[in-house]
Amino acid sequence: MLLSLALVFLCGMTLGKLFEMLKLPRLLGMIMTGIILGPYALNLLDGSILNISAELRQIALIIILTRAGLNLDVDDLKRAGRPAILMCFVPACFEIAGMVLLAPSFLGVTRLEAAIMGTVIAAVSPAVVVPRMLKLIEKGYGTEKSIPQIIMAGASVDDVFVIVLFTAFTGLAEGGTISALSFVSIPISILSGLAVGVLTGILMSVFFTKFHIRDSGKVILILSVSFLLVTAEHNIKGIMGFSGLLAVMALGASLRLRKYELSRRLSEKFSKLWVGAEVWLFVFVGATVNISYALNAGLMAVALILCVLVFRMLGVSVCLIRTRLNKKERIFTAIAYIPKATVQAAIGGIPLAMGLACGDIVLTAAVLSILVTAPLGASLVDATYKKLL
């Protein structure tokens, strides 16, 4: 395991820097590191670390979403209003609809299989989007109209919406039925996650006021509580809907609202943690990629992914109707909603593990969506934000 970790960090940081020098996103170099070191290429990563790679990716996601919450101005979101809410589910619905419409003719799958594939593909990646939006907030790009904040919040909530739909459709494919409760759990997950996160943030702000703890200690406490929130989501699954990751983000936002100076200092601490977490997140995402699946799917699957991205961009445009955003800002918002990575790596293999007939093609589409959209979206965001915002 120690050798594997050394390879992950040394090779991941080296390739990341190399891609950065070539004016390409660092994360592409890290994903390539995972593909090269992973079980489908050189197979240099120890099985023990691959067995816990999902948990390591989850920790990295918690770190970046906590930092997002600590930088999220709730007043900005309130001013944004309607578009901020619509961005949480409308683009994903458009993309799933596009997949249901096009996938049967492109890949010869059924409508239900296309719907499952759509829910896997439709989730935008907070791990790719959030760090870039935080950079824009720090540099002051788009903040006057709360553009980074809208994108950041939407990217975090849309995952909850899509994963609940994925669970419903895979259950139907196994021979069950979709009940009304499946869809009721979406708002319940979002509202309960926000409520628990805000309450936890308030309690922690009171605790930090009464007891003097170094900022490093506060970071450890916040991370520990965040781990408990995410664990709670898994433990109460099937009893009630609850989004642990949304609760983590709400915790950070609540702390910012009550203790602004502390939140600013803690955000700097979490940005330092992200330096290491970013490497292992994207290297382990790369390690899940089975290149043989991607090569077998060919150009039709890539063409399908690009076509449904157009549907997603139309969905973003619908969300921004009658807003103050000009044409350039609307184009940027649509571009920022392209990258996929973490959710696809987490759930892409589930239909195959369930023994569904569409398992292979869903996994292939998930792999290709990471390889196509993560570098494409990240590159376009990095290359266009100065011109468009």
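Since this is a predicted model, take the numbers as computed values, not measurements. (Residues numbered from 1 in each chain as written. Predicted model: local features only at pLDDT ≥ 70, side-chain atom pairs only at ≥ 80, totals over all residues. Heavy atoms only, no water.)

K.L.:
Any chance you could explain the overall build of the protein here in plain terms?
P.N.:
Helices and strands together make up the secondary structure of the protein, namely 19 helices and zero strands. Scaling as 2.2 N^0.38, a compact globule of 389 residues should have a C-alpha radius of gyration of about 21 Å, and the protein matches this with 20 Å. With the C-alpha coordinates of the protein rotated into their principal frame, the extents come out at 60 × 50 × 50 Å. Residues counted as buried form 54% of the 389 residues belonging to the protein. Counting contacts in the protein only where the partners sit at least 6 residues apart, residues at least 24 apart contribute 81% of the total. Computed over 33 positive and 21 negative side-chain charges, the inter-centroid distance for the protein is 8 Å. (Helix = DSSP H or I, 4+ residues; strand = E, 2+ residues; numbered from the N terminus. Rg over C-alpha atoms; globule rule 2.2 N^0.38 Å. Buried < 20%, exposed > 50% of the residue type's maximum accessible area, 1.4 Å probe, protein only. Contact = heavy atoms within 4.5 Å. Lys, Arg positive; Asp, Glu negative; His and termini not counted. Charge placed at Lys NZ, Arg CZ, Asp CG, Glu CD.)

K.L.:
Explain the side chain of Lys340 to me, please; I cannot follow it from the model alone.
P.N.:
Relative to the elements of secondary structure, Lys340 occurs in the loop between α16 (327-336) and α17 (342-347). Lys340 gets classed as buried once you look at its relative accessible area, which sits at 0%. A distance of 2.6 Å separates a polar atom in the side chain of Lys340 from a polar atom in the side chain of Glu95. Residue contacts for Lys340: discarding those within four places in its chain leaves Glu95, Ile121, Ala122, Ala123, Val124, Ser125, Leu309, Arg312, Ser369, Ile370, Thr373 and Ala374. (Polar contact = N/O pair within 3.5 Å; in protein donor to acceptor, adjacent residues only side chain to side chain.)

K.L.:
Whenever I open this one, the packing of aromatic side chains confuses me. Can you help?
P.N.:
Two aromatic rings are characterised by how far apart their centres lie and by the angle between their planes. Here the structure, examined in full by the defined rule, presents five aromatic pairs. Pairing Tyr141 with Tyr385 gives two aromatic rings, centres 5.0 Å apart and planes at 85°, and the pair type is edge-to-face. Of this pair, Tyr141 sits in the loop between α9 (126-139) and α10 (147-173) while Tyr385 sits in helix α19 (residues 359-388), placing them 244 residues apart in sequence. The class of Tyr141 is partly exposed, set by a relative accessible area of 24%. (Phe/Tyr/Trp six-rings, centres within 6.5 Å; stacked < 30°, edge-to-face > 60°.)

K.L.:
How do you make sense of the pattern of salt bridges when you look at a structure like this?
P.N.:
Between side chains of opposite charge, a pair can form when the charged atoms approach closely. Within the structure shown, the criterion is met by 13 salt bridges. As a salt-bridge pair, Asp215 and Arg265 come within 2.7 Å of each other at their nearest N and O atoms. Residue Asp215 is located in helix α12 (residues 215-235), and its partner Arg265 is located in helix α14 (residues 260-287); the two are separated by 50 residues in the primary sequence. Classification of Asp215 as buried rests on a relative accessible area of 16%. On the basis of relative accessibility, which here comes to 34%, the residue Arg265 falls in the partly exposed class. Salt bridges sharing partners connect three or more residues here, namely Glu95, Asp158, Arg312 and Lys340. (Salt bridge = Lys/Arg side-chain N within 4 Å of Asp/Glu carboxyl O.)

K.L.:
Honestly, the layout of surface pockets in this entry has me stumped. Any pointers?
P.N.:
The rolling of a water-molecule-sized probe over the atoms marks out the regions of remaining empty space. The space that makes up the largest pocket amounts to roughly 1,300 Å³. Together, 43 residues line the largest pocket, and Ile163, Glu233, His234, Lys237 and Phe242 are the ones closest to its centre. Class assignment for the residues of the lining of the largest pocket results in 25 nonpolar, 13 polar and five charged. Of the pockets and cavities examined, the second largest pocket occupies roughly 650 Å³. Along its surface, the second largest pocket is lined by 25 residues, and Leu72, Leu77, Ala153, Val157 and Leu194 are the ones closest to its centre. For the lining of the second largest pocket, the elements supplying multiple residues, two or more each, are α5 (74-80), α6 (82-86), α10, α11 (180-210) and α13 (244-258). Among the elements that line the lining of the second largest pocket, the one with the most residues is α13, at seven residues. When the residues that make up the lining of the second largest pocket are grouped by side-chain class, the tally is 21 nonpolar, two polar and two charged. (1 Å grid on protein atoms, 1.4 Å probe; cavity = no way out; pocket = protein on both sides within 12 Å on 5 of 7 lines; lining within 4 Å. Points joined across faces, edges and corners; volume = space filled by probe spheres on them. Nonpolar A, V, L, I, M, F, W, Y, C, P; charged D, E, K, R; others polar.)

K.L.:
Looking at this structure, how should I read the nonpolar core?
P.N.:
Nonpolar side chains tend toward joint burial in soluble globular proteins. Ranked by size, the top nonpolar core spans 86 residues in total, and within it Met133, Ile151, Met152, Ile222, Trp274, Phe282 and Phe332 carry the most contacts. Counting residues per element, this core draws most heavily on α14, at 13 residues. Excluding anything up to four places from it in sequence, Phe282 contacts Leu27, Met30, Ile31, Ala127, Val128, Trp274 and Ala341. Ala115, Met117, Ile121 and Cys358 belong to the second-largest nonpolar core, a separate cluster that totals 35 residues. (Core = buried A, V, L, I, M, F, W, Y, C linked by side-chain atoms within 4.5 Å.)

K.L.:
Explanation requested: the confidence of the model for the protein in the structure shown.
P.N.:
As a general rule, the predicted coordinates of low-pLDDT regions are not to be interpreted in detail. Within the protein, residue pLDDT values average 89, and 97% of them lie at 70 or more. Ranking the helices and strands of the protein by mean pLDDT puts α16 first, with 96, and α5 last, with 73. (pLDDT = per-residue confidence, 0-100.)

K.L.:
Even after reading the chapter, I still don't get helix α8 (residues 111-121), so can you show me in this structure?
P.N.:
Residues separated by three or four positions in an α-helix point in the same direction, a consequence of the helix having 3.6 residues per turn. Among the 11 residues in α8, nine count as buried, and that is most of the element. Along α8, the positions that sit buried rather than exposed are Glu113, Ala114, Ala115, Ile116, Met117, Gly118, Thr119, Val120 and Ile121.

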